[in-house]
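Overview (structure and organization)
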Amino acid sequence: MKDANDTPAPARATTGTRSSRRRFLKEAAGVAGGAGLLALGAGLYARQAAALPATALRPPGALAEGDFLSACVRCGLCARDCPYDTLKLARLGDAPATGTPYFEARGVPCEMCEDIPCVVACPTGALDHGLTDITQARMGLAVLIDHETCLNFLGLRCDVCYRVCPVIDKAITLEKSHNPRSDRHAMLLPTVHSDYCTGCGKCEKACVLPGEAAIKVLPLKLAQGSRAEHYRRGWEEKEAAGGSLIGEQVELPVRGMEDKAYGDTRLRPGETPLPQPEAVPAAPAGSGLDSRWKP
Amino acid sequence: MSTPRAPAADPVVSAQSAASARPALPRSSVRGAAQLGLAARPGVEAVAAKGWLRAHKWLLLRRLSQLGVLALFLVGPWFGCWVVKGNLTSSLTLGVLPLSDPFVLAQSLAAGHLPYRQALIGGGIVFAFYLAFGGRLFCSWVCPMNLVTDAAAWLRRRLGLKGGKAPAAASRYWLLGFVLLAAALSGSLAWEWLNPVSMLHRALLFGFGLAWGLVGGVFLYDLLIAPRGWCGHLCPQGAFYSLLGRASLLGVSAARRRDCNDCMDCFAVCPEPQVIRPALKAAGQDHPLILDGDCTRCGRCIDVCGKSVFRITTRFNRSES
């Protein structure tokens, strides 16, 4: 509309190309600065928001977070094809990058569909179509993070996380150990194995504790230590070599503590084990009561 | 407002000054109202001349298109009847037709990721469509943000808000460059963190969160600070589609510009008023066709012109009639 004013064209031409050039340069600088600041702000915000919170898990087959953020166009097709409404898109204000898909195990865990519809739906490759076997997914890693509240660690047989695990007896096993408090019971401790855990989160969802779960699925980066590559595991080396690498070793006695009286249980050739005294269970510490119950 | 009122009996402003050859101006038109010091009501003359329906034809078609596209996406999540899945950045129609936003794919490429074939095919289809028919058809016929900024522009006209400072016209192209640069440097779709366009559409389908604030911010910015500030000056997505629409087949032509009575109503309603003058007033070009890539082909100028100066035509039809 400004151009429609009544300034005659020649007058405008004579007021100078110099001032119009100057005006152009000034405007261009201002515009470039403003646009640059806006884009810089977006970039910085993006970088800050790129730190995914530990409770937010990406769908199966998701690329590593950095690559994922360059590949995911936030279309929501994965979330639409999730039959259990596990996946949701982050809204502005949620912790994960706006519009990207994620799920929270304590809310709705992944049901590990065999046909992995979310991965199939992804049009860009943010979810890797190379993942065709859901047991190979690594959305995170379950960690029995709180030994103080876990019922199995208290000596009970809760076992719920173990029972609901879709990869039961591989991803979570119950490892028997001595219960030093009662001194006569076993504790069966849920133990996660990273070779098999897909990070689906069903254990975290099912944990019976009222609020926070004792077992949680964490991003692999948080859940795992780096492997100590310089430490060579003797038993692995031995197995690989098919025998000891340094030959049979001479067993030296510990001076002053030799012999069976000091607990040497090794048997010489031809020797039979000594008769063991019948085991008497220890009385519970502190109480004067002893029910004489034996396992 | 304490504006002096013209005598009620006077139906038109007679253009007293040198323009005696010009036809008389309706007092509701932008220029007519300015001469009388009244608040302008662009389009009233067109309603009187052509009837309400014909004076709103393109506007109604456009709203139908915008809401129709939105409805196609919404009947899935609302009624479980899936026509289109996904959202405007990438979608799948009836399980077979992929469509993707080439602007987002360009960011993804800049960030160093080559998308799968499905997204590339979808992006190619959309790219080819807008290349052929005019990139900014997206802005005026599809983009949900257009409803917001049109509402702001309408309210601005009705409230008679004048002034405000819009950023320079080239801002959006700079921003487009910086958006791609930010994607390349951060290795992520940095702009998509706060792109109000994709965010509004996604929010309508998947839930808003704080996105209301961003949409409200754009509305208030357009209403109070910068006239047509977002769509016309800042939006890098619109800039992308402007570049795409440079050689489109469809365009608006001021074919009957001889009849123009300089009422300025088309300038008042046009979201990119700078594109009209070369065609209407033969400034820098002979033919009456609007070739500027910024033209959104919204057709609102056709609606509000009481003299039926404009029409939609192809880029090869440069005749006057």
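Note that the coordinates shown come from a computational prediction; the quantities given were computed from them, not determined experimentally.

**Some thoughts on the overall build of chain A**
Looking only at helices and strands, chain A has nine helices and seven strands in total. The proportion of buried residues among the 295 residues of chain A is 34%. Within chain A, contacts between residues at least 6 apart in sequence are counted, and of these 60% link residues at least 24 apart. Carbon and sulfur atoms form 56% of the exposed surface of chain A, whose accessible area is close to 18800 Å².

**Comments concerning unusual backbone geometry**
Positive phi, normally seen in glycine, also occurs at Asp183 of chain A, with a value near 70°. The residue Asp183 of chain A is located in the loop between strand S5 (172–179) and strand S6 (185–192) in this model. Look at Asp183 of chain A and you get partly exposed, because its relative accessible area is 39%. Positive phi is not limited to glycine here, since Arg228 of chain B has a value of about 50°. The topology assignment puts Arg228 of chain B in the loop between helix H10 (211–225) and helix H11 (229–234).

**Looking at the confidence of the model for chain A**
Summary statistics for chain A give a mean pLDDT of 82 and a share of 82% for residues scoring 70 or more. For residues 1–14 of chain A, every residue scores under 50 in pLDDT, and the model assigns this stretch five contacts once sequence neighbours within four places are set aside.

**Points about the side chain of Gln285 of chain B**
In this fold, Gln285 of chain B is placed in the loop between helix H14 (276–280) and helix H15 (300–304). In this view, Gln285 of chain B contacts Pro278 and Ala279 of chain B; residues no more than four positions away in its chain are not counted.

**Considerations on the nonpolar core**
One finds Tyr130, Phe138, Met145, Trp230, Ile276, Leu280 and Phe310 of chain B to be the most contacted residues of the largest nonpolar core, which totals 54 residues. Top contributing element to this core by residue count: helix H6 (residues 137–142) of chain B, with five residues. Two domains each put at least three residues into this core: domain 1 (26–81 + 250–320) and domain 2 (83–244) of chain B. Beyond its immediate chain neighbours, meaning those up to four positions away, Tyr130 of chain B contacts Gly135, Leu137, Phe138, Val142, Tyr241, Leu244 and Gly245 of chain B. Phe68, Cys78 and Met139 of chain A together with Phe73 of chain B belong to the second-largest nonpolar core, a separate cluster that totals 53 residues.

**Focus on the UniProt feature "transmembrane region" (unreviewed entry) in chain B**
Residues and elements named next belong to chain B. Under the feature "transmembrane region" (unreviewed entry), the UniProt entry names residues 64–85, 119–139, 173–191 and 203–224. Taken end to end, residues 119–139 has its terminal C-alpha atoms 21 Å apart, with 86% of it in helix and 0% in strand. The span residues 203–224 is 82% helical and 0% strand by assignment, and the distance between its end C-alpha atoms comes to 24 Å.

**With respect to the domain arrangement of chain B**
Residue and element names in this part refer to chain B. Along its sequence, chain B is organised into domain 1 (26–81 + 250–320) and domain 2 (83–244). Relative placement of domain 1 and domain 2: their C-alpha centres are 22 Å apart. If you look at the interface, domain 1 gives 30 residues, while domain 2 gives 31 residues. Carbon and sulfur atoms make up 57% of the surface buried where domain 1 meets domain 2, a total of about 2500 Å² over both sides. Connecting domain 1 to domain 2 are five salt bridges. Across the pair Glu272 and Arg136 runs a salt bridge whose closest N-O atoms are separated by 2.5 Å. Summed over the shared surface of domain 1 and domain 2, the result is 19 residue pairs in polar contact (both at pLDDT 80 or more).

**Concerning the pairing of strand S5 (residues 97–100) of chain B**
Residue and element names in this part refer to chain B. Side-chain alternation along S5 places Pro98 and Ser100 on a buried face and Leu97 and Leu99 on a face that remains uncovered. Sheet analysis places strand S4 (residues 90–93) next to S5, joined by four bridges and oriented antiparallel. Residue pairing for S5: Leu92 is matched across the bridge by Pro98. Count of turn residues in the S4/S5 antiparallel hairpin: three residues, of which Leu94 carries a positive phi of about 50°.

**Comments concerning the domain arrangement of chain A**
All names here are of chain A. Taken domain by domain, chain A holds domain 1 (30–138) and domain 2 (140–225). Domain 1 puts 14 residues into the contact, and the matching count from domain 2 is 26 residues. Buried area between domain 1 and domain 2, both sides added, is near 1400 Å², and the carbon and sulfur share of it is 55%. It is Arg106, Met112 and Arg138 in domain 1 that bury the most area against domain 2; as a group they hold 50% of the surface buried on that side. For the pair domain 1 and domain 2, the interface holds one salt bridge. Taking the shortest distance from any N to any O, the salt bridge between Lys202 and Glu111 comes out at 2.9 Å. Counted by class, the side of domain 1 that touches domain 2 contains nine nonpolar, two polar and three charged residues.

**A look at the interface of chain A and chain B**
At the junction of the two partners, chain A supplies 46 residues and chain B supplies 49 residues. Across the chain A to chain B interface the summed buried area is about 3800 Å²; carbon plus sulfur atoms make up 68%. Linking chain A with chain B are one salt bridge, by the criterion used here. Notably, a salt bridge pairs Lys85 of chain B with Asp81 of chain A, separated by 2.6 Å at the nearest N-O pair. The interface formed by chain A and chain B includes 14 residue pairs in polar contact (both at pLDDT 80 or more). Only helix H2 (17–49), helix H3 (65–71) and helix H4 (77–81) of chain A provide two or more residues apiece to the side of chain A that touches chain B. When residues in the side of chain A that touches chain B are grouped by element, the largest group, 14 residues, is from H2 of chain A. Residues belonging to the side of chain A that touches chain B are distributed by class as follows: 27 nonpolar, 11 polar and eight charged.

**Section: the sheet that holds strand S3 (residues 84–87) of chain B**
Residues and elements named next belong to chain B. Spatial ordering of the open sheet is given by S3-S4-S5, a layout of three strands whose pairing is antiparallel. Of all strands in the sheet, those with a lone pairing partner are S3 and S5, marking the two edges. Across the sheet, the mean angle separating the axes of adjacent strands is 10° when strand polarity is ignored. Those strands touched by helix H3 (residues 57–79) are S3 and S4, and its axis lies near 105° from that of S3.

What counts, and where the lines are drawn
Residues numbered from 1 in each chain as written. Chains lettered and ligands numbered in written order. Predicted model: local features only at pLDDT ≥ 70, side-chain atom pairs only at ≥ 80, totals over all residues. Heavy atoms only, no water. Helix = DSSP H or I, 4+ residues; strand = E, 2+ residues; numbered from the N terminus. Buried < 20%, exposed > 50% of the residue type's maximum accessible area, 1.4 Å probe, protein only. Contact = heavy atoms within 4.5 Å. Areas by Shrake-Rupley, 256 points an atom, 1.4 Å probe, with all protein chains shown as cover. pLDDT = per-residue confidence, 0-100. Core = buried A, V, L, I, M, F, W, Y, C linked by side-chain atoms within 4.5 Å. Domains from an automatic or database assignment. UniProt positions renumbered as here; feature names shortened; annotations may be inferred. Buried area = accessible area lost by both parts, 1.4 Å probe. Salt bridge = Lys/Arg side-chain N within 4 Å of Asp/Glu carboxyl O. Polar contact = N/O pair within 3.5 Å; in protein donor to acceptor, adjacent residues only side chain to side chain. Pairing = 2+ DSSP bridges. Nonpolar A, V, L, I, M, F, W, Y, C, P; charged D, E, K, R; others polar. Axes fitted to C-alpha atoms, helices over the stretch in contact; angles between N-to-C directions.

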